[in-house]
Amino acid sequence: MLSAASTGKGDEKPSKAKATGSRTLFEKVWNAHLVRPENQDTPALLYVDVHLVHEVTSPQAFDVLRQRDLRVRRPERTVATMDHSTPTSPPGADGRIVFLDRQAESQVRQLERNCQEFGIRLYPLGSDRQGIVHVIGPELGLTQPGMTIVCGDSHTSTHGAFGALAFGIGTTEVGHVLASQCLLQRKPQTFAIRLNGTLPVGVTAKDLILAVIAKIGVHGGTGHVLEYRGSCVRSLSMEERMTVCNMSIEAGARAGMMAPDDVTFEYLAARPLAPQGPAWDEALARWRRLPSDSESLYDREVSLEVSTLEPMITYGTNPGMAIPIGSPLPDTEREPAMEKALQYMGLKPGQPLLGHPVDVVFIGSCTNARISDLRLAANVFKGRKVASGVRVLVVSGSQQVKKQAETEGLDRIFREAGAEWREPGCSMCIAMNGDRLEPGQYAVSTSNRNFEGRQGSGGRTFLASPLTAAATAVTGRITDAREILGRS
Amino acid sequence: MKPIRVVESTTVVLPNANVDTDQIIPARFLTVTTRHGLGQRLFADWRYDKEGNPRPDFVLNQKDTRGAEVLVAGDNFGCGSSREHAPWALLDYGFRAVVSTRFADIFRSNALKNGLLTVVVDEETHRALLAEPGIEVAIDLEAQTLRLPNGKEVTFPIDAFARFCLLNGKDELDFLLEQESSIAEHEKTLPSS
Ligand code: SF4
């Protein structure tokens, strides 16, 4: 296995792992899924444990199966839901769901037909398990340590929080996995992100990952699988870990992973699709062997002391353009990319962001729409009102999150404050379903991409945590939540 | 897929770094269920104004760029979303190769699977290409070279398997299906849960 797993790339020195027999978390998962190792001529053949499917990136893949008269090789390893273009307004009195347009509706119907024809489990609109694909996988207990998980969606990196190797693929590869349950992959490099210390009060997992991306850059992780390590990771809840791993792709990384521990196992225990009984004990023994054998096995590494972090916010048009919320914008002299970004954003070099007025606040997406995110936001809204002229959308990541929030009365807090409490889905994270910014509008958003037009043509996005989003909603201006909630 | 050997064409230059797939093809056009016709939406928000009229200052709206098959792009082209609609849109528009100093991983994988060449060049060559839009280049996949009008040739890396498939018009899916017995063998070793 050792030599067979070597990459065959001439310019690469054998990693320390191969010399010592020690392995990283990533290498353990990779090796366990090798149907065939890679060589100079051919990539590795990697087995896929779980394949997640949604309406937008799958229709052309199912078409290929039909054209070539192929079946889905392992339908029981394939799970589908609809989330990207689905409306977040409730069905009408007659039960009818109103889509943005006929094309969006027909794409969703196409997914229903494809799942039926190929025998794939689907959590459709109306199911109490429907939601954003990366929220429902973990919720179901489908996402488990040591697995390979893929989806035609770049934020599949979310599932790496469990110690799974999870990454986004294109539609051609969706077809490959449907037909063969395998992918052809070159082995990525490994990159340890050491996070030491404890996050200060009022600084969240979102701020942490924005700080990491600002540090390594939007292509800092290209060709690499990130492994988040260090005492900070151990102190994070599963939902916080998912927020961090979710945005690994925004640093260009192939995937982001975290070693599983008791926090992981506790989260998974008794989830509907997690192993039960003796299978659970067996799985647990396997999962406990996953963490990396040593600190010194990585191709690259970077360290970040987190105890001095501030809440982070983006100011530009990629997620790496982020600063501590109280800092002025950087000087852009002789940096055309920065200048172009600030021009799009309507901002000036050196100006402060605090106090900048916004039109919309979006609390949602696979980054920050789990129950703990909604609790953070609700805590700010409680007893306060949304500032006049500001539109606030609160969009749960899944039906289960929505139900839980309603059980806790969070929906009432949001509504009483004047926010919209909407149905689960991707919503204004990607603006495919009609939830979108108007040209020129400013939004603070808990989602993951501030690309030009991402939240609607001409819309201008500041990415931030649910705390910052909620604090901004009640003042109408970019606000440090600690000014409202205090710092202790 | 048709075999690909050489792409000879003039270049179009889009120098911005970190062009993400949301710019290449905005999400609102992703509700299609086929892979055809996306070329008219390529770079839609840069190419058209709010009323849908072409913006004269955008490079693809300039007469002398018509018919060019090689896009010279800034660093880290194709970052962001995994949408394969991005290479589909570039190909449907008429591009057959993109040249940059770096590509995002998923974009590169998607592009090569569809026959859109991703050519990584050194910074000096990149600067030369950026400085002279519209020059004639020849990209030879077999030799893995890009030739400039002054005769200078630079080599570019490309995954051996992707190159083999492109040169021979082979489909990766065929290769995967031929692995059936190894896959079945592997499945016997999987934990039961
Ligand atoms: S919430 Fe946004 S980032 Fe997440 S899957 Fe949906 S569209 Fe993609």
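Residues numbered from 1 in each chain as written. Chains lettered and ligands numbered in written order. Predicted model: local features only at pLDDT ≥ 70, side-chain atom pairs only at ≥ 80, totals over all residues. Heavy atoms only, no water.

Student: Quick one: what's the story with the overall build of chain A, residue by residue and with numbers?
Tutor: Check the secondary structure of chain A and you find 17 helices and 19 strands. Relative to the 2.2 N^0.38 estimate, which gives 23 Å for 488 residues, the radius of gyration of chain A is 22 Å and therefore close to what a compact globule would have. With the C-alpha coordinates aligned to their principal axes, the bounding extent of chain A is approximately 65 × 55 × 45 Å. Counting every position in chain A, which comprises 488 residues, the buried fraction comes to 65%. Surface summary for chain A: the accessible area is close to 16,700 Å², and the carbon and sulfur share equals 50%. Each charge sign in chain A was given a centre, from 54 positive and 53 negative side chains, and these centres are 2 Å apart. (Helix = DSSP H or I, 4+ residues; strand = E, 2+ residues; numbered from the N terminus. Rg over C-alpha atoms; globule rule 2.2 N^0.38 Å. Buried < 20%, exposed > 50% of the residue type's maximum accessible area, 1.4 Å probe, protein only. Areas by Shrake-Rupley, 256 points an atom, 1.4 Å probe, with all protein chains shown as cover. Lys, Arg positive; Asp, Glu negative; His and termini not counted. Charge placed at Lys NZ, Arg CZ, Asp CG, Glu CD.)

Student: Hey, could you go over the sheet that holds strand β3 (residues 50–53) of chain A for me, with residue numbers and the actual values?
Tutor: Residue and element names in this part refer to chain A. Pairing is parallel across the open sheet formed by five strands, whose spatial order is β5-β4-β3-β6-β7. Looking at which strands have only one partner, the edges of the open sheet turn out to be β5 (121–123) and β7 (165–168). Pairwise comparison of adjacent strand axes, ignoring direction, gives a mean angle of 20° for this sheet. In this sheet, strand β4 (residues 78–81) lies alongside β3 in parallel orientation, the contact comprising three bridges. If you follow Val-53 over to β4, its bridge partner there is Ala-80. (Pairing = 2+ DSSP bridges. Axes fitted to C-alpha atoms, helices over the stretch in contact; angles between N-to-C directions.)

Student: Got a sec to walk through the state of the cysteines? Specific residues and values, please.
Tutor: Per the stated rule, a full pass over the model turns up zero disulfides over all chains. No disulfide involves Cys182(A); its sulfur sits 16 Å from that of Cys165(B), the nearest cysteine. With relative accessibility at 0%, the residue Cys182(A) sits in the buried group. (Disulfide = S-S within 2.5 Å.)

Student: Can you explain helix α4 (residues 105–113) of chain B? Please cite residues and give values.
Tutor: Residue and element names in this part refer to chain B. Of all nine residues in α4, eight are buried; the element is thus mostly enclosed. For α4, every residue scored as buried is listed here: Asp-105, Ile-106, Phe-107, Ser-109, Asn-110, Ala-111, Leu-112 and Lys-113. Phi turns positive one or two residues past the end of α4, at Gly-115, with a value near 85°.

Student: Please give an account of the pattern of salt bridges that cites residues and values.
Tutor: Counted under the stated rule, the structure contains 42 salt bridges over all chains. Across the salt bridge formed by Asp293(A) and Lys28(A), the nearest N and O atoms sit 2.8 Å from each other. Separated by 265 residues along the polypeptide, Asp293(A) in the loop between α11 (277–288) and β12 (300–305) and Lys28(A) in helix α2 (residues 25–32) bring together distant segments of the chain. Asp293(A) gets classed as partly exposed once you look at its relative accessible area, which sits at 43%. Salt bridges here are not isolated pairs; linked through shared partners, they connect Arg73(A), Arg74(A), Glu76(A), Glu180(B) and Glu187(B). (Salt bridge = Lys/Arg side-chain N within 4 Å of Asp/Glu carboxyl O.)

Student: How would you sum up the interface of chain A and chain B? Please name residues and give values.
Tutor: Listed per partner, the contact involves 63 residues of chain A and 53 residues of chain B. Between chain A and chain B, the buried area comes to about 4,800 Å², and carbon and sulfur atoms account for 55% of it. It is Gln60(A), Arg68(A) and His219(A) that lose the most area in chain A upon contact with chain B, and together they represent 12% of the buried surface on that side. Counting every contact that joins chain A to chain B gives eight salt bridges. Looking at the side of chain A that touches chain B, the elements that each hand over two or more residues are β1 (34–36), β2 (44–47), α3 (59–67), α4 (102–118), α6 (171–180), β8 (182–185) and α11 of chain A. With six residues, the single largest contributor to the side of chain A that touches chain B is α6(A). Class assignment of the residues belonging to the side of chain A that touches chain B gives a composition of 23 nonpolar, 23 polar and 17 charged. (Contact = heavy atoms within 4.5 Å. Buried area = accessible area lost by both parts, 1.4 Å probe. Nonpolar A, V, L, I, M, F, W, Y, C, P; charged D, E, K, R; others polar.)

Student: So what's going on with the confidence of the model for chain A? Residues and values would help.
Tutor: Here chain A shows a mean pLDDT of 94. Residues at 70 or above account for 96%. Confidence over residues 1–15 of chain A falls short of pLDDT 50; this stretch has 22 contacts with residues more than four positions distant or in other chains. (pLDDT = per-residue confidence, 0-100.)

Student: Residues and numbers for the confidence of the model for chain B, please.
Tutor: With 99% of its residues at a pLDDT of 70 or more, chain B shows a mean pLDDT of 96. Scored as a complex, the prediction yields pTM 0.95 and ipTM 0.96.

Student: Would you mind going over the site of the ligand in detail, with residue names and values included?
Tutor: By nearness alone, every residue bordering the ligand is listed as His84(A), Ile132(A), His134(A), Asp153(A), His155(A), Ser365(A), Cys366(A), Cys426(A), Cys429(A), Ile430(A), Asn448(A) and Arg454(A). Along the lines of polarity and charge, the residues of the shell around the ligand split into five nonpolar, five polar and two charged. (Near = heavy atom within 4 Å.)

Student: Lay out the packing of helix α3 (residues 85–93) of chain B against α4(B) in plain terms, naming residues and giving numbers.
Tutor: Residue and element names in this part refer to chain B. Contact pair α3 / α4: the axes reach a minimum separation of 8 Å and the direction vectors enclose 50°. One element, α3, and the other, α4, form an angle in the oblique class. For the element pair α3 and α4, the recorded crossing hand is right-handed. Side by side, α3 and α4 meet where Ala-86, Pro-87 and Leu-90 of the first sit next to Phe-107, Asn-110 and Ala-111 of the second. (Parallel < 35°, antiparallel > 145°, perpendicular 65-115°, else oblique. Left-handed = near helix turned anticlockwise from the far one by under 90°.)

Student: Kindly report on the packing of aromatic side chains, identifying the contributing residues and their values.
Tutor: Aromatic rings considered in pairs are described by the distance between their centres and by the relative angle of their planes. All names here are of chain A. Going through the model one piece at a time under the given rule, you end up with 16 aromatic pairs over all chains. Centroid distance Phe-414 to Trp-421: 5.6 Å. Interplanar angle 15°. Geometry classified as stacked. Here Phe-414 matches Trp-421 in class, with each residue buried. Plain terms: the ring middles of Tyr-442 and Phe-462 are 5.6 Å apart, the flat faces sit at 10° to each other, and that makes the pair stacked. You can see Tyr-442 sitting in strand β18 (residues 442–445) and its partner Phe-462 sitting in strand β19 (residues 460–463), a full 20 residues away along the chain. With relative accessibility at 0%, the residue Phe-462 sits in the buried group. Feature note: the residues Phe-265, Trp-280 and Trp-287 constitute an aromatic cluster, connected by ring pairs. When the ring centre of Tyr-267 is taken as origin, the NZ or CZ atom of Arg-271, which lies over that ring, is 3.9 Å away. (Phe/Tyr/Trp six-rings, centres within 6.5 Å; stacked < 30°, edge-to-face > 60°. Lys NZ or Arg CZ within 6 Å of the ring centre and 35° of its normal.)

Student: Go over the packing of helix α13 (residues 371–381) of chain A against helix α16 (residues 466–475) of chain A with me, naming the residues and quoting the values.
Tutor: Residues and elements named next belong to chain A. Closest axis-to-axis distance for the α13/α16 pair is 8 Å, and the angle between their directions is 30°. Accordingly, the angle class assigned to the pair α13 and α16 is roughly parallel. Crossing of α13 over α16 shows right-handed handedness. Across from Asp-373, Leu-376, Ala-377, Val-380 and Phe-381 in α13, the residues of α16 making contact are Pro-466, Leu-467, Ala-470, Ala-471, Ala-473 and Val-474. The residue inventory of the contact of α13 with α16, partitioned by class, reads 10 nonpolar, no polar and one charged.

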